[in-house]
Amino acid sequence: MSRRKRLAAPADVNDEVAGLIDALQDVEQRLAQLTSDEIDTVTNRDGKTFVLRRAQEYLRSSEAAKQVAILNALPAYIALLDAQGVIISVNEAWRQFGPAGAIQGPGYDVGVNYLEACDRAAGELFAAHQAAAGIRSVLAGRATSFSIEYPSHSAAQQRWFLLKVTALGNDHLKGVIVMHLDVTAERQVKETLHASEARFRQMAENIHDVFFLEDAVDNRMIYVSPAYEEIWGRSCESLYADPDSWRAAIHPDDRVATHEKYNEHKLVGQFELEYRIVRPDHSIRWIEARGFPVLDDNGTLVRIAGIAQDITERKQAENRIAYLNRVYAMLSGINTLIIRACDRDELFREACRIAVDAGSFRVCVLGLVDRDGMNIVPIASCSKDEELRSAVEGILSSTEDAPTNLVTRAISEKKTVVSNDLQHDPDTLFRAQYAASGVRSMAVLPLIVADETVGVLALYASEIEFFQHEELKLLTELAGDIAFAMEHIKTQERLDYLASYDMLTGLANRALFHERLEQNIVIAQEQDSKLALVLLDIERFKTINDSLGRPVGDALLKAVAARMADIAADVSRLGRLDADHFAVIVSKFQSEEQLAHRVEKRIAEVFGLPFGIGTAELRLAAKIGIAMFPADGANADTLFKNAEAALKNAKLHGERYLFYTQAMNARVAEKLTLENQLSRALDNGEFVLHYQPKINLVTGRVTSAEALIRWNDPRTSLVAPARFISVLEETGMIQEVGRWALRQTIEDYLRWRNAGLPAVRIAVNVSARQLRHRGFISEVKHAIGIHPDAAAGLELEITESLIMEDVKHSITSLQTIRSLGVTVAIDDFGTGFSSLSYLSKLPVDALKIERSFVVDMTAAPEGLALVSTIINLAHSLKLKVVAEGVETEEQSRLLRLLGCDETQGFLFSKPVPADLFESKFLINLPPGNIGTASFSHPFPNQTAH
Amino acid sequence: MSRRPQFKFCLYLAGDALNSAQALVNLRALCETYLPDRHVIEIVDVFREPKRALEDGIFMTPTLVKLAPLPVRKIVGTLSHTATVLMALGLESVTS
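Here's what I pulled together on the structure shown here. For clarity, every value in this text was computed on a predicted model and none was experimentally measured. Throughout, residues of each chain are indexed from 1 in the direction in which the sequence is written. Chains carry letters from A onward and ligands carry numbers from 1 onward, assigned in written order. Selection of residues for local features in this predicted model requires a pLDDT of at least 70, selection of side-chain atom pairs for listing and counting requires 80 or more, and totals for whole chains, interfaces and linings are taken over all residues. Side-chain numbers here rest on the full set of heavy atoms in the structure, without hydrogens or water.

**Regarding the overall build of chain A**
Item 1. Only DSSP runs of H or I with at least four residues qualify as helices, and only runs of E with at least two residues qualify as strands; both kinds are numbered from the N terminus onward. In terms of regular secondary structure, chain A is built from 35 helices and 34 strands.
Item 2. Put simply, chain A has 945 residues, and 45% of those count as buried.
Item 3. Whether two residues touch is decided by their heavy atoms; if any such pair falls within 4.5 Å, the residues are in contact. The contacts of chain A with a sequence gap of at least 6 include a subset with a gap of at least 24, amounting to 58%.
Item 4. Each accessible area value is a Shrake-Rupley result obtained with a 1.4 Å probe; residue values ignore everything except the protein chains displayed when judging cover. A total accessible area of about 48,700 Å² is found for chain A, and carbon and sulfur atoms account for 53% of it. Per-residue accessibility, obtained with a 1.4 Å probe over protein chains only, is compared with the maximum for each type, and a residue is labelled buried under 20%, exposed over 50%, and partly exposed between these values.

Structure (structure tokens):
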């Protein structure tokens with residue numbers, strides 16, 4: 001519209017327009033004046049914007065201004081030199097802040113020839129020389145740019161600059177830009193980094209384990225420490241070139257399993273592998289490799305960091321121990337056999353079986369040397385693999401043996417011959433057969449009687465390098481024993497048997513039994529263990545013999561002996577001394593009470609059922625006398641004498657069995673009575689729970705309680721736990737009583753809670769047997785399962801020594817218990833020799849200081865220091881601390897000073913019955929806050945371990 | 001501990017024009033110095049929101065409006081003279 005108007009406009013209109021434009025300019029100028037040029041825009045009342053001229057001008061010049069501004073804003077010192085090296089322009093930083101000593105700054109102003117200035121500065125600054133040379137080379141077109149780093153140290157600080165010279169434009173003759181950049185900080189970072197990297201390398205390269213860092217994205221090896229070369233026998237370069245080449249070295253037997261496991265775990269970057277590698281020199285090393293994931297901020301696996309250890313020595317040591325144990329087990333089995341075996345065939349057969357069962361050998365063959373010469377006639381052999389067994393027997397008896405054959409050599413050289421790597425032993429025939437059946441090493445031991453090789457013991461193991469010095473020493477000894485037994489059996493077979501055994505029952509006779517008792521005493525002495533000699537007389541036997549006749553009597557004795565032998569763990573510990581007089585050696589028992597239990601059980605097993613004589617049945621009974629080693633005698637003779645005395649006493653007093661020591665009898669009797677009473681107490685509900693409050697030392701309020709078992713014996717009165725808990729433990733009744741206590745505690749807790757009382761968490765003690773019992777956790781689950789709030793009312797107290805018995809198992813159990821919402825406290829802390837490292841890992845909530853520490857606290861400064869240390873330790877592990885057995889104000893005051901959280905003890909209250917606990921401690925509590933205080937964890941930050 | 005008032009500003013700018021840019025820089029510096037943690041700045045670019053400026057009765061940029069605490073005050077310009085600005089905003093007491 002305005003355009004059309006203008007086209008049609010006459011000359012005077014043009015004048016008017018010119019006038020208006022002038023006016024507008026005036027207005028703009030005036031506006032600018034009024035606003036001191038500080039305005040960018042002005043709008044009219046319709047919102048249309050006038051852009052002031054000054055702003056437009058600014059926009060036009062802003063490009064150049066921006067460049068200047070950028071140069072000025074840069075932290076670098078920048079100067080522009082012309083082709084002659086004269087400074088034609090500098091930036092703000094150069095002009096104002098050039099640091100002293102550096103080759104820029106106020107001293108080098110516009111108009112100065114920079115090259116000459118640098119030349120003059122030569123004396124003090126070597127860098128100035130270099131700078132001048134560099135600038136000249138760029139100016140001359142010999143280089144497009146030049147840079148050096150140079151120091152400019154003052155007394156106050158060390159600084160570093162980077163000088164950069166860049167040609168101006170494409171034509172070098174135009175000039176150069178000289179820029180000095182302060183790189184002190186970068187340089188320091190670089191130096192620190194360099195130092196730490198050097199430290200890391202130094203560490204990585206001096207440790208015998210292999211460190212490696214792998215890029216999980218492109219499967220690239222970023223770093224591997226030089227130990228790789230030593231362990232793998234391959235160069236680090238080869239691994240960089242092919243990051244999977246370490247896998248090529250894995251022993252063929254381990255390859256598949258290792259690959260599978262690695263591929264499976266590689267995706268998450270976390271793995272633990274154990275495998276063998278074969279080095280280029282064919283030697284084998286055991287490797288344990290662990291990988292750890294390195295994640296980026298998004299949780300994506302970017303790297304795998306790992307460590308691979310050569311565990312060959314450890315592995316070998318483990319194997320050695322395992323191998324030796326096998327050989328020991330076999331040795332002791334066969335030696336027992338040698339005492340017992342009656343004929344050669346049994347000896348051979350059983351020895352082979354023991355070698356396979358106890359010694360875990362693949363095959364064992366015992367053979368005799370053919371009289372004609374060098375051939376073996378296998379007499380007995382054993383293997384779990386029947387095919388292998390007959391193959392080996394075939395090989396051994398084969399006549400196509402070369403003279404170098406292992407067996408031939410063992411016979412002729414009368415020496416043990418070993419091949420510890422059958423597959424690679426050139427002396428071994430049948431390598432392929434052995435390899436196919438997984439037999440890796442073998443030993444042939446000559447059996448030498450009267451300086452003549454009469455037979456061989458051949459053992460085949462599936463492990464390579466099985467037969468080492470110590471194994472062979474034991475096996476040679478064994479071969480000697482077997483040879484001795486063979487000779488013994490051959491010459492004396494029957495005679496010896498007659499001399500040592502009772503013809504009627506087959507049990508050891510008095511002489512042999514006496515000898516064996518002596519042997520057992522020696523063993524017990526060495527092992528520092530107890531032993532019992534049990535003598536047994538059949539009641540009324542003389543009468544039976546007289547009235548029913550000798551044959552019936554003999555049949556009865558045989559039947560008794562057979563029953564005894566049936567239930568005996570070891571027949572060699574039984575003996576028939578004379579007539580109806582039997583003897584047993586008993587070992588491996590914990591206490592006299594346990595022994596008494598066992599004796600009673602055996603009596604019931606042997607004499608519980610009647611004996612059949614023809615068509616008649618006869619009930620027999622026995623009297624027993626027991627003498628203990630070492631208490632009742634240090635040798636076989638004394639033990640016999642005293643056991644006889646005890647037996648006589650039992651007959652005299654009509655007791656079924658008696659110990660030689662009277663006190664022992666009394667103790668056993670008392671204990672057994674107590675056991676019976678406790679068993680009834682459980683049935684009759686005579687156990688009750690008493691509650692002892694725990695007090696917060698700061699608020700003085702009851703925060704929780706410990707449930708303690710009491711026995712309300714109707715015959716006497718309340719029985720203290722010290723008198724019966726150990727019996728419950730020994731007999732296993734503790735399990736049931738413990739279950740009851742758990743249930744009762746929860747019941748009481750829920751009752752108080754439902755009654756609106758500020759119910760507090762109650763701790764229940766857990767005994768060793770309970771914790772070890774497989775079903776314990778499900779018992780706890782079951783007990784708290786009755787109500788959703790039950791878990792919040794329960795704490796389990798477990799003694800430190802019990803936890804430490806099997807730490808790994810304890811940690812798992814405790815974790816599960818805590819995951820149920822039940823808290824855990826370590827009881828009797830300070831008595832269990834916890835290692836700190838374990839303590840920090842234990843998933844527990846509280847720690848209870850054992851009372852003796854509390855008592856000692858006031859006795860000596862050391863005692864006080866000890867308690868203080870325990871409290872600080874617990875607090876640093878974020879555990880609550882409860883002091884037990886607090887009886888005096890002094891103790892309470894000290895504990896409060898030391899920052900102990902809670903106390904428990906007679907000072908505040910002894911354990912009281914449930915109703916008293918309720919009326920005294922729960923009803924009087926202000927409701928609400930105390931309840932929450934006791935339920936909330938004292939250390940909310942603590943998470944499950 | 002008496003609660004000190006929260007300052008609320010609205011700054012009307014003309015894109016990244018020089019005076020506007022300076023006004024913004026100056027305002028920020030001033031707030032950081034004298035009103036740390038107790039100021040809110042709203043920026044209105046009149047090129048982007050011409051109607052908003054019109055509705056708010058803003059005819060020149062840069063213009064700073066102090067909305068809170070009351071009374072509302074308007075200042076036009078680059079805000080380079082700190083003392084003047086503080087006085088105009090009723091903030092003299094803050095400096096002393």
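**Some words on unusual backbone geometry**
Item 1. Omega for the peptide link from A:F629 to A:P630 comes to 0°, which places this bond in the cis form.
Item 2. Along the chain, A:P630 falls in the loop between strand 23 (622-629) and helix 22 (636-653).
Item 3. B:T61 connects to B:P62 through a cis peptide bond whose omega is -10°.
Item 4. By the secondary structure assignment, B:P62 is in the loop between strand 3 (60-61) and strand 4 (63-68).
Item 5. One non-glycine residue with positive phi stands out, namely A:S360, at about 55°.
Item 6. For A:K878, which is not a glycine, the phi torsion comes out positive at approximately 60°.

**Re the sheet that holds strand 5 (residues 73-76) of chain B**
Backbone-to-backbone hydrogen bonds pair the strands of a sheet. The strands run either parallel or antiparallel.
All names here are of chain B.
Item 1. At least two bridges found by DSSP between two strands is the condition for calling them paired. Spatial strand order, 2-1-4-5: 4 strands in an open sheet with mixed pairing. What marks the edges here is a single partner per strand, and that holds for strand 2 (39-45) and strand 5. With direction set aside, neighbouring strand axes in the sheet form an average angle of 20°.
Item 2. Sheet topology places strand 1 (residues 7-13) next to strand 2; 7 bridges connect them, and they run parallel. Each bridged residue has a counterpart across the sheet, and for C10 the counterpart in strand 2 is E42.
Item 3. On the sheet, helix 1 (residues 18-34) packs against strand 1, strand 2 and strand 4 and is oriented at approximately 165° with respect to strand 1. Helix axes use the C-alpha atoms of the stretch in contact, all axes being lines fitted to C-alpha atoms, and the angles between their N-to-C directions lie in the range 0 to 180 degrees.

**Regarding the pattern of salt bridges**
All names here are of chain A.
Item 1. For salt bridges, the criterion is a side-chain nitrogen of Lys or Arg within 4 Å of an Asp or Glu carboxyl oxygen. Counting across every chain of the model gives 49 salt bridges over all chains.
Item 2. The shortest N-O distance in the salt bridge between D451 and K414 comes to 4.0 Å. Residue D451 is located in the loop between strand 16 (441-449) and strand 17 (452-461), and its partner K414 is located in the loop between helix 15 (406-413) and strand 15 (417-419); the two are separated by 37 residues in the primary sequence.
Item 3. The class of D451 is exposed, set by a relative accessible area of 56%.
Item 4. On the basis of relative accessibility, which here comes to 35%, the residue K414 falls in the partly exposed class.
Item 5. Residues R753 and D789 are paired through a salt bridge, measuring 3.0 Å at the closest nitrogen-oxygen approach. Remark: D789 occurs in the loop between helix 27 (776-784) and strand 29 (794-799) and R753 occurs in helix 25 (residues 733-754); sequence separation between them is 36 residues.

**Let's talk about the pairing of strand 1 of chain B**
Residues and elements named next belong to chain B.
Item 1. Burial of strand 1 is extensive: 6 of the 7 residues sit out of reach of the surface.
Item 2. Pairing of strand 1 with strand 4, which is carried by 5 bridges, proceeds in the antiparallel orientation. From the neighbouring strand, C10 faces strand 4, where its bridge partner is V65.

**Some thoughts on the sheet that holds strand 16 of chain A**
Residues and elements named next belong to chain A.
Item 1. Pairing is antiparallel across the open sheet formed by 5 strands, whose spatial order is 14-13-17-16-15. Taken across any chain shown, the strands that pair with only one partner, and hence form the sheet edges, are strand 14 (376-383) and strand 15. The sheet shows a mean angle of 15° between the axes of neighbouring strands, taken without regard to direction.
Item 2. Examined bridge by bridge, strand 15 and strand 16 share 3 bridges and lie antiparallel to one another. The residue of strand 16 that forms the bridge with V418 is A443.
Item 3. Against the sheet, helix 14 (residues 386-397) engages strand 13 (363-369), strand 14 and strand 17, with an angle of about 160° to strand 14.

**What about the packing of helix 25 of chain A against helix 34 (residues 914-922) of chain A?**
Residues and elements named next belong to chain A.
Item 1. Relative orientation of the contacting elements helix 25 and helix 34 amounts to 40°, with a least axis distance of 12 Å. Classified by the angle their axes make, helix 25 and helix 34 are oblique. Like other packed secondary-structure pairs, helix 25 and helix 34 cross with a definite hand, here right-handed. Touching D748, R751 and W752 of helix 25 are A914, F917, E918 and L922, all from helix 34.
Item 2. Classes in brief: Ala, Val, Leu, Ile, Met, Phe, Trp, Tyr, Cys and Pro nonpolar; Asp, Glu, Lys and Arg charged; the others, Gly included, polar. Class assignment for the residues of the contact of helix 25 with helix 34 results in 4 nonpolar, no polar and 3 charged. If an angle is under 35 degrees, it is roughly parallel; if it is over 145, roughly antiparallel; if it lies from 65 to 115, roughly perpendicular; otherwise it is oblique. A crossing counts as left-handed when the near helix is turned anticlockwise from the far one by less than a right angle, and as right-handed when that turn is clockwise.

**Notes on the pairing of strand 5 of chain B**
Item 1. The pairing of strand 4 of chain B with strand 5 of chain B spans 4 bridges and is classified as antiparallel. When the bridges of strand 5 of chain B are listed, B:T63 appears paired with B:V76.

**What about the interface of chain A and chain B?**
Item 1. With 14 residues of chain A in contact, the opposing surface of chain B contributes 19 residues.
Item 2. The interface formed by chain A and chain B includes 0 salt bridges.
Item 3. Whenever a nitrogen or oxygen atom comes within 3.5 Å of another N or O atom, the pair is scored as a polar contact, on the condition that within protein one atom can donate a hydrogen and the other can accept it, and that pairs from neighbouring residues in sequence are kept only if both atoms are in side chains. At the surface where chain A touches chain B, the tally comes to 0 residue pairs in polar contact (both at pLDDT 80 or more).
Item 4. For the side of chain A that touches chain B, the element with the most residues is strand 1 (residues 41-43) of chain A, which contributes 3 residues.
Item 5. A class-by-class count of the residues in the side of chain A that touches chain B yields 3 nonpolar, 6 polar and 5 charged.

**Remarks on the environment of A:R563**
Item 1. Relative to the helices and strands, A:R563 is located in helix 20 (residues 550-567).
Item 2. Residues within four places of A:R563 in sequence aside, it is in contact with A:E605, A:V606, A:L609, A:P610 and A:F611.

**Here we look at helix 14 of chain A**
Residue and element names in this part refer to chain A.
Item 1. A rise of 1.5 Å per residue sets the reference length of helix 14, with its 12 residues, at 16 Å; its end C-alpha atoms lie 17 Å apart and thus fit the reference within 8%.
Item 2. Those residues of helix 14 that sit buried are L388, R389, V392, I395 and L396. Considered in projection along helix 14, the buried side chains sweep an arc of 130° and stay on one side of the axis.
Item 3. For helix 14, the secondary structure elements touched by its buried residues are strand 13, strand 14, helix 15, helix 16 (431-437) and strand 17.
Item 4. If you check the start of helix 14, you find a side-chain oxygen 3.2 Å away from the backbone N of E387, and it comes from D385. Expected helix span is given by 1.5 Å per residue-to-residue step, counting one fewer step than there are residues. The directions considered for the arc are those from the helix axis to the C-beta atoms.

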